[in-house]
Amino acid sequence: MQEEKRKQWKIIIVGGGASGMMAAISSARTLGKGNKILLLEKNELLGKKLLATGNGRCNFMNIYCAASDLKGKEEDGIYSDEKKIEQFFSHGALSQLSVEETRQLFFQMGILSRVEGEGRVYPYSGQGIVIKEALEAEIKRLGVCIRSSSNVQNVKKQKDSFEVEMDNGECLFSSNVILATGGKAGLQYGSTGDGFAFAKSFGHQIMKPIPALVQLLCDKKSFGGCKGVRAKGKVSLLRENKVLATDIGEIQFTEEGVSGICVFNISRYVRFDKLEDRLEEKYSVEIDLFPEWSKDELFTILTEKQKREGKEAIDSLLKGMIHEKLGAALLNRVEIKKEEIASMIAASKMEELSHLMKHWNIKINGTKSFKDAQVTCGGISTSEINPTTMESLLVPGLFFAGELIDIDGRCGGYNLQWAWSSGYGAGKAASKE
Ligand SMILES: Cc1cc2nc3c(=O)[nH]c(=O)nc-3n(C[C@H](O)[C@H](O)[C@H](O)COP(=O)(O)OP(=O)(O)OC[C@H]3O[C@@H](n4cnc5c(N)ncnc54)[C@H](O)[C@@H]3O)c2cc1C
């Protein structure tokens, strides 16, 4: 194609998920009519993942969202630099589109919302699809050119222009590019990690992506028979007996391990980067099934029950305290037969049992895969991105948004808030370049 005849877009946005759609809106609003913005999406429809969020209800933001709800992976693989996240989120993305402004923006697009427990915000209609539809309608109204079923293969920069290569060999040109291709979580919805390769080709450092907000896989011997049981409690993630993270909520026991929101929230800290960590079983989850009681109080309750109901088998004595399947698993762990007569059990064994009720330690041998994860921990290093504009510090005109960046949040609407705010900031800045 002759240089002078080729179509030059002002901005090409790669990825029509949450952050890409928001970037399209903010850039088109900034540039106005005739904006020359192209939105490329590999799926046949925009926002496919949004339809799966919040169990179909789309928990699209959280009114209490703050920098402390988000984390980065960081070099040591365990802890994130809170000051950097604060810079990115509170002073960067959130200063472009705050929590209240996000809610207002959706309201202007016709979405009434409802605040539920712990500040989680859902569409008032209870149907997540309205979020995707409202964004799409606004993008169309603003005159952004949308190309779905368009799979980007490569992104390059020649002099002042970007070349976006499609998988059919077509090449598109633009002054600025916003990469909003997501991470690798929920890859069945289109986010297969392509953006990491694009960013890497420009020299960006990628913190190794791992699945997060995901079920933990455990040693089955420890809790076999508890499948399907749900119990309220406290979960702590330990590495070589050091507590890395703790959360409270409903724990779900599954065929292969433990699940539930509180488990999801601690899952990002499981790092099996080194094989010996897996082989030496360095990670474990510790479950406190009685967070409101001390070990001594539980011991007193058990021994009083022993006095009162001593003729009963120990498993029936536990029934008023704990789900019978969990009780059976705990008894098995302390090597008490469940049919054993309660009065015959030694005080030392009762001591062990009450300790286990608060410190049930189960070895972890992995997490479920990206297919089952809700978010990616890791991604493009935040040290190479301008926190306010989301522009690459290495390549002028290249912007990033959403989960592709090494920032992830816990369950509760925080990840979508990050996608909206970072997408909004990137779109606005790219249109001013
Ligand atoms: C099952 C599930 C439930 C969730 N529930 C919630 C929730 O209730 N609340 C919450 O806050 N978060 C939730 N999340 C997380 C949240 O959905 C994501 O963090 C958010 O969607 C990330 O937005 P994004 O734009 O960065 O990436 P994505 O939404 O993943 O969008 C990336 C888009 O880029 C496209 N793409 C990728 N590569 C290419 C390419 N080469 N060419 C063209 N297009 C490409 C993909 O097809 C995709 O459409 C959930 C996630 C999952 C998987």
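Up top is the structure these notes are about.
One structure accompanies this document, and this report is about it. Please read these numbers as outputs of a predicted model, since none were measured by experiment. (Residues numbered from 1 in each chain as written. Predicted model: local features only at pLDDT ≥ 70, side-chain atom pairs only at ≥ 80, totals over all residues. Heavy atoms only, no water.)

**A word on the sheet that holds strand 5 (residues 113-115)**
- Pairing is antiparallel in the open sheet, where three strands are placed in the order 3-6-5. With one partner strand each, in any of the chains shown, strand 3 (61-62) and strand 5 form the two edges of the open sheet.
- Sheet topology places strand 3 next to strand 6 (residues 120-123); two bridges connect them, and they run antiparallel. Note on strand 6: the bridge partner recorded for methionine 61 is valine 121. (Pairing = 2+ DSSP bridges. Helix = DSSP H or I, 4+ residues; strand = E, 2+ residues; numbered from the N terminus.)

**A word on the sheet that holds strand 14 (residues 242-253)**
- Strand order in the closed barrel formed by six strands is 12-15-14-13-16-17, and the pairing between neighbours is antiparallel. The sheet shows a mean angle of 45 degrees between the axes of neighbouring strands, taken without regard to direction.
- Note that strand 12 (residues 216-218) and strand 15 (residues 257-259) share two bridges and pair antiparallel. Following the sheet pairing, leucine 217 is matched in strand 15 by glycine 257.
- Against the sheet, helix 10 (residues 324-333) contacts strand 13 (230-239), strand 14 and strand 17 (360-367), and its axis sits at roughly 100 degrees relative to strand 17.
- Where helix 11 (residues 347-358) meets the sheet, it contacts strand 16 (283-288) and strand 17, and its direction lies at approximately 105 degrees from that of strand 16. (Axes fitted to C-alpha atoms, helices over the stretch in contact; angles between N-to-C directions. Contact = heavy atoms within 4.5 Å.)

**Quick look at the side chain of serine 431**
- Tracing the chain through its elements places serine 431 in helix 12 (residues 414-432).
- For serine 431, a relative accessible area of 7% gives the class buried.
- There is a polar contact of 2.9 Å between the side chain of serine 431 and the backbone oxygen of glycine 427.
- What serine 431 contacts, discounting residues up to four positions off in sequence, is Lys10, Ile11, Ser27, Thr30 and Leu31. (Buried < 20%, exposed > 50% of the residue type's maximum accessible area, 1.4 Å probe, protein only. Polar contact = N/O pair within 3.5 Å; in protein donor to acceptor, adjacent residues only side chain to side chain.)

**Digging into the packing of aromatic side chains**
- This structure, assessed with the given rule, holds five aromatic pairs.
- With 5.2 Å between their ring centres and 80 degrees between their planes, phenylalanine 272 and tyrosine 283 make a pair best called edge-to-face. Of this pair, phenylalanine 272 sits in the loop between helix 6 (261-267) and helix 7 (275-279) while tyrosine 283 sits in strand 16, and the two are eleven residues apart along the sequence. An identical accessibility class is assigned to phenylalanine 272 and tyrosine 283; each is buried.
- Cluster of aromatic residues (ring-pair linked, three or more members): Phe60, Phe106 and Trp420. (Phe/Tyr/Trp six-rings, centres within 6.5 Å; stacked < 30°, edge-to-face > 60°.)

**What to know about the pattern of salt bridges**
- Following the criterion strictly, the structure yields 22 salt bridges and no others.
- Note that lysine 132 is salt-bridged to glutamate 136, the shortest N-O span being 2.7 Å. Of the two residues, lysine 132 and glutamate 136 are both situated in helix 4 (residues 129-141); the distance of four residues between them amounts to about one turn of the helix.
- Its relative accessible area of 7% is what places lysine 132 among the buried residues.
- For glutamate 136, a relative accessible area of 17% corresponds to the buried category.
- Here lysine 221 and aspartate 219 are joined by a salt bridge, their closest N and O atoms 3.7 Å apart.
- Residue lysine 221 is classed as exposed on the basis of its relative accessible area of 70%.
- The buried category is assigned to aspartate 219, whose relative accessible area is 18%.
- Shared partners join several salt bridges into a network, and the residues in it are Arg29, Glu138 and Arg141. (Salt bridge = Lys/Arg side-chain N within 4 Å of Asp/Glu carboxyl O.)

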